[in-house]
Amino acid sequence: MKLGTEAPLRQATPAPHWKKLRQGDRVRVLLAPKFEANGLVDALTADHAAVWINFDGGRGRTLLHCSDGVDILPEDS
């Protein structure tokens, strides 16, 4: 079995709107079609490729990377 040769690579560069995210921003995280969660940006890497989100409702703190197939949008968008 060959590992990793069959799956296409995902973009490892954050979308332009990720670069506008700041610590403390309220956001919507689009995790899958018709599934989203709200939370607060807790921390970001300098290149904005990885973002720590504290999800509302005690659902925990999660590290998301731009290649994870999720999107992070300001809550008011």
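Residues numbered from 1 in each chain as written. Predicted model: local features only at pLDDT ≥ 70, side-chain atom pairs only at ≥ 80, totals over all residues. Heavy atoms only, no water.

Asks: What is the right way to look at the packing of aromatic side chains in this model?
Replies: Aromatic ring pairs are reported here in terms of the distance separating the ring centres and the angle at which the planes meet. Tallying each qualifying case throughout the model produces zero aromatic pairs. A cation over a ring is seen here: R61 above W52, with NZ or CZ 3.9 Å from the ring centre. (Phe/Tyr/Trp six-rings, centres within 6.5 Å; stacked < 30°, edge-to-face > 60°. Lys NZ or Arg CZ within 6 Å of the ring centre and 35° of its normal.)

Asks: For this particular structure, what's the right way to read the pattern of salt bridges?
Replies: In a structure, side chains of opposite charge can pair up when their charged atoms sit close to one another. Considering all chains together, one arrives at four salt bridges under this definition. A salt bridge links R26 to E75; its shortest N-O distance comes to 3.0 Å. Taken together, the residues R26 in strand 1 (residues 26-32) and E75 in the segment after strand 5 (71-74) connect sequence positions 49 residues apart. Using a relative accessible area of 31% as the deciding quantity, one classes E75 as partly exposed. Taking the shortest distance from any N to any O, the salt bridge between R61 and D42 comes out at 2.6 Å. With R61 in strand 4 (residues 61-65) and D42 in strand 2 (residues 35-44), this residue pair connects regions lying 19 residues apart in the sequence. Accessibility expressed as a relative area gives 42% for R61, which makes it partly exposed. Shared partners join several salt bridges into a network, and the residues in it are R26, D56 and E75. (Salt bridge = Lys/Arg side-chain N within 4 Å of Asp/Glu carboxyl O. Helix = DSSP H or I, 4+ residues; strand = E, 2+ residues; numbered from the N terminus. Buried < 20%, exposed > 50% of the residue type's maximum accessible area, 1.4 Å probe, protein only.)

Asks: Hey, could you run me through unusual backbone geometry in this one?
Replies: For residues other than glycine, phi is negative in most cases, and the peptide bonds are mostly trans. Phi is positive for K34, close to 65 degrees, though the residue is something other than glycine. Here K34 shows up in the loop between strand 1 and strand 2. Residue K34 is classed as exposed on the basis of its relative accessible area, which comes to 91%. A positive phi angle, close to 60 degrees, is found at H48, a residue other than glycine. Along the chain, the position of H48 falls in the loop between strand 2 and strand 3 (50-55).

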